[in-house]
Amino acid sequence: MNRSGAYATFYVGNLFFGIPIAIGVEVTKGQEVTPVPLGPKEVAGFFNLRGHIVTAIDMRVRLGLEASAEGPDVVSIFFQDQESLFALMVDRVGDFTQVTEATFEETPSNLDPNARDLIVGVHKLADKLLLILDTQKIVSGISLVQH
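Since we're looking at a predicted model, the values are computed, not measured. (Residues numbered from 1 in each chain as written. Predicted model: local features only at pLDDT ≥ 70, side-chain atom pairs only at ≥ 80, totals over all residues. Heavy atoms only, no water.)

Peer 1: Is there a simple way to think about the pairing of strand β11 (residues 129-133) in this case?
Peer 2: In the case of a regular strand, side chains alternate between the two sheet surfaces. With respect to burial, β11 is a largely interior element, 4 of its 5 residues being buried. Pairing of strand β2 (residues 15-20) with β11 involves 2 bridges; the strand directions are parallel. Paired with Phe-17 across the strands is Leu-131, a residue of β11. Where strand β10 (residues 119-124) meets β11, 5 bridges bridge the pair, whose relative direction is antiparallel. Within the sheet, the bridge partner assigned to Gly-121 lies in β11 and is Ile-132. Where β10 folds back onto β11 in an antiparallel hairpin, the turn is made up of 4 residues. (Buried < 20%, exposed > 50% of the residue type's maximum accessible area, 1.4 Å probe, protein only. Helix = DSSP H or I, 4+ residues; strand = E, 2+ residues; numbered from the N terminus. Pairing = 2+ DSSP bridges.)

The structure is reproduced here in C-alpha cells:
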C-alpha cells in the first residue's frame, strides 16, 4: 500500500479518517436511503446515484457507535471497490489532505478495536491523527448484490 498521497477526510464521532481519493471519491449530502430488510446491521440501505445502485454503510454502526440520524444533514462519501459502488455515511466531511511517507505510523495499539480492524495505519498531522481506512476491509463481509 502506498503510504503517501491525497486523502478525502471525514469524521465519525471524534475519529478523523481518510480514504485515498484515487478510488473515486465523491461527497453528497441528504441522499435518500432505501432500507434493506434483513441486511447486515451496518448497511443502512441503498442510494440511487445517477442511475447506479450504491450500498450505504453507516460508519457509526460499523465502528460500534449509535446509528446515524437520517435526514438532509447526512453526509455520504462514495467510492468504488472493484465493480461496486459504496457510500460511507459519516458525521461530517473534512478537507482533501496531502500526506507523505514521513508522517506515516503503524496503527496504535490503544485505538478502539472496532476502528483498529479497519485501518492500515495513521498519519500524524500537526493537530490530530489521520486514520487511514482500508476500504476493502470496510466492505468485506457485506454480501448484497449490486448492479
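The structure having been displayed, the exposition proceeds.
Peer 1: Got a minute to help me understand the packing of aromatic side chains in this structure?
Peer 2: Both the distance between ring centres and the angle between the ring planes are used here to describe each pair of aromatic rings. Tallied over the entire structure, the rule returns 4 aromatic pairs. Seen in terms of ring centroids, Phe-79 and Phe-86 are 5.9 Å apart; in terms of plane orientation they differ by 25°. Their pairing is stacked. Accessibility expressed as a relative area gives 6% for Phe-86, which makes it buried. Across the ring face of Tyr-11, the terminal group of Arg-92 is positioned such that the distance to the ring centre comes to 3.8 Å. The aromatic ring of Phe-16 is capped on one face by Lys-128, whose charged end is 4.6 Å from the ring centroid. (Phe/Tyr/Trp six-rings, centres within 6.5 Å; stacked < 30°, edge-to-face > 60°. Lys NZ or Arg CZ within 6 Å of the ring centre and 35° of its normal.)

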